[in-house]
Amino acid sequence: MTLGWGHRYLMCPPEHFGVLYEINPWMHREVRVDAERARQQWERLKTTLEEAGAQIEVLQPTPDLPDIVFTANAGVVNGTQFVPSRFMHPERQGEVPYYVAWFEAHGFTVDRLPEHVHHEGAGDALPFGSVLLSGYRFRSDAASHAYLSRLTGAAVRSVELVDERLYHLDLTFCPLDEHHAIVAPDGWDRYGRRVVEALVPELLVLDADQALAFCANSVVIDSTVVMPSCPPAVGRQLEAWGFDVVVCAVDEFLKAGGACRCLTLALDVTLGPQGAR
Ligand code: ARG
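Let me sum up the structure you'll find in this document. Given the structure is predicted, the values throughout are model-derived calculations rather than measurements.

Parameters and conventions
- Residues numbered from 1 in each chain as written.
- Predicted model: local features only at pLDDT ≥ 70, side-chain atom pairs only at ≥ 80, totals over all residues.
- Heavy atoms only, no water.
- Salt bridge = Lys/Arg side-chain N within 4 Å of Asp/Glu carboxyl O.
- Buried < 20%, exposed > 50% of the residue type's maximum accessible area, 1.4 Å probe, protein only.
- Helix = DSSP H or I, 4+ residues; strand = E, 2+ residues; numbered from the N terminus.
- Phe/Tyr/Trp six-rings, centres within 6.5 Å; stacked < 30°, edge-to-face > 60°.
- Pairing = 2+ DSSP bridges.
- Axes fitted to C-alpha atoms, helices over the stretch in contact; angles between N-to-C directions.
- Near = heavy atom within 4 Å.
- Polar contact = N/O pair within 3.5 Å; in protein donor to acceptor, adjacent residues only side chain to side chain.
- Areas by Shrake-Rupley, 256 points an atom, 1.4 Å probe, with all protein chains shown as cover.
- 1 Å grid on protein atoms, 1.4 Å probe; cavity = no way out; pocket = protein on both sides within 12 Å on 5 of 7 lines; lining within 4 Å.
- Sits in = over half its atoms within 2 Å of the grid points.
- Nonpolar A, V, L, I, M, F, W, Y, C, P; charged D, E, K, R; others polar.
- Right-handed = clockwise from strand over helix to strand, strands pointing away.
- Contact = heavy atoms within 4.5 Å.

## Describing the pattern of salt bridges
Counted according to the given criterion, the structure contains 11 salt bridges. Of the charged contacts, one joins Glu22 and Arg29 as a salt bridge, the two residues approaching to 3.9 Å between their closest N and O atoms. Note on Glu22: relative accessible area 39%, which makes it partly exposed. The salt bridge involving Glu36 is made with Arg39; its shortest N-O contact spans 3.1 Å. Within this pair, Glu36 and its partner Arg39 are both found in helix H1 (residues 35-51), separated by 3 residues, close to a single helical turn. Arg39 gets classed as partly exposed once you look at its relative accessible area, which sits at 39%. The structure contains a network of salt bridges with shared partners spanning Arg37, Asp251, Glu252 and Lys255.

## Some details on the packing of aromatic side chains
For the coordinates displayed, the defined rule picks out 8 aromatic pairs. An aromatic cluster of three or more residues is present, and its members are Phe82, Trp102, Phe103 and Phe108.

## Focus: the sheet that holds strand E10 (residues 180-183)
Strand pairing in a sheet takes place through backbone hydrogen bonds and is either antiparallel or parallel in direction. In spatial order, the strands read E9-E10-E11; together these 3 strands make up an open sheet with mixed pairing. Two strands bound the open sheet, and with one partner strand each, they are strand E9 (173-175) and strand E11 (202-205). Within the sheet, the average angular offset between the axes of one strand and its neighbour, ignoring direction, is 20°. As judged from the 3 bridges shared by E9 and E10, these two strands associate in the antiparallel manner. Within E10, the residue paired with Phe173 across the bridge is Val183.

## Thoughts on the sheet that holds strand E14 (residues 244-247)
One open sheet accounts for 3 strands, arranged E12-E13-E14; its pairing is mixed. Every interior strand has two partners, whereas the edge strands, strand E12 (219-221) and E14, have only one. Across the sheet, the mean angle separating the axes of adjacent strands is 20° when strand polarity is ignored. Two elements, strand E13 (residues 224-227) and E14, share 4 bridges in a ladder whose sense is parallel. Following the sheet pairing, Thr224 is matched in E14 by Asp244.

## What about the site of the ligand?
By nearness alone, 16 residues border the ligand, and Asn24, Arg92, Arg139, Asp170 and Ala256 come closest of all. A distance of 2.9 Å separates a nitrogen atom of the ligand from a polar atom in the side chain of Asp67. Here a nitrogen atom of the ligand and a side-chain polar atom of Asn73 are 2.9 Å apart. In the complex, 100% of the free accessible area of the ligand, which totals 350 Å², lies under the protein chains. When atom positions are compared with the pocket grids, the ligand is found to occupy the second largest cavity. Along the lines of polarity and charge, the residues of the shell around the ligand split into 7 nonpolar, 5 polar and 4 charged.

## Section: the pairing of strand E1 (residues 8-11)
The pairing of E1 with strand E2 (residues 55-58) spans 4 bridges and is classified as parallel. Across the sheet, the residue bridging to Leu10 is Glu57, located in E2. Remark: the E1/H1/E2 crossover connection has right-handed handedness.

## Considerations on the side chain of Thr224
Positionally, Thr224 belongs in strand E13. For Thr224, a relative accessible area of 14% translates into the label buried. Sequence-distant contacts of Thr224, that is, excluding residues within four places in its chain, are made with Ala52, Val219, Asp244 and Val246.

Next comes the structure, spelled out in structure tokens:
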């Protein structure tokens, strides 16, 4: 059994990537990004995803928007519908028109959240079965979930994030197939843990160190799991469930608080009836 999505992604090369501001606890302006290493790591991630069977669409990079490489935050994709993010921090708000232009040029209908709510796209919203699990607190507002549900027709379940180092849902949750997910419950409040336990039959639970190594920030293509790092115990469990692990070093991007999943946006996700217009 496989996810049924995750065969087509949007990525943006790190031509203008760097740590130029600090909007999460991982970012430190004094840390230099090695541009050449970043480019190599990004290329290797792209090739790895392609070899695993994914098709990659490339967004033109833009100067002065160093975080546009993290396309997971572009918005929420639902069939041919695209709901652009409303970024919490002004530093990333300038990315939105570039994402919108790409989706409009590729045949998507763009529907927007109201201006006063924040939501950071697939970084804070991942499908599991027929449900869209969405995080809130650091980057997305709890109130955004009802709007997202209304716009897409998806059933949205909310999880409160509690550790600012795990500021997006995709640092704590990685759906593997219809029964399995990698989870970092340290990042959720008690109610959020119950929501996930009720939703996902079998959990691969990361401990705090594994979660902070961004093990959940992985990309799943059928039975291949592309991870920023993989501790032996995590690898053994994934293999026992029939997955193949490929580790892709993305340490240049960890300097900005992002890893494999953050660098991709799945384009073949259908969540609810509004995506089938
Ligand atoms: N520097 C980026 C930010 O803080 C990293 C985004 C990571 N993206 C993600 N989907 N977790 O916004």
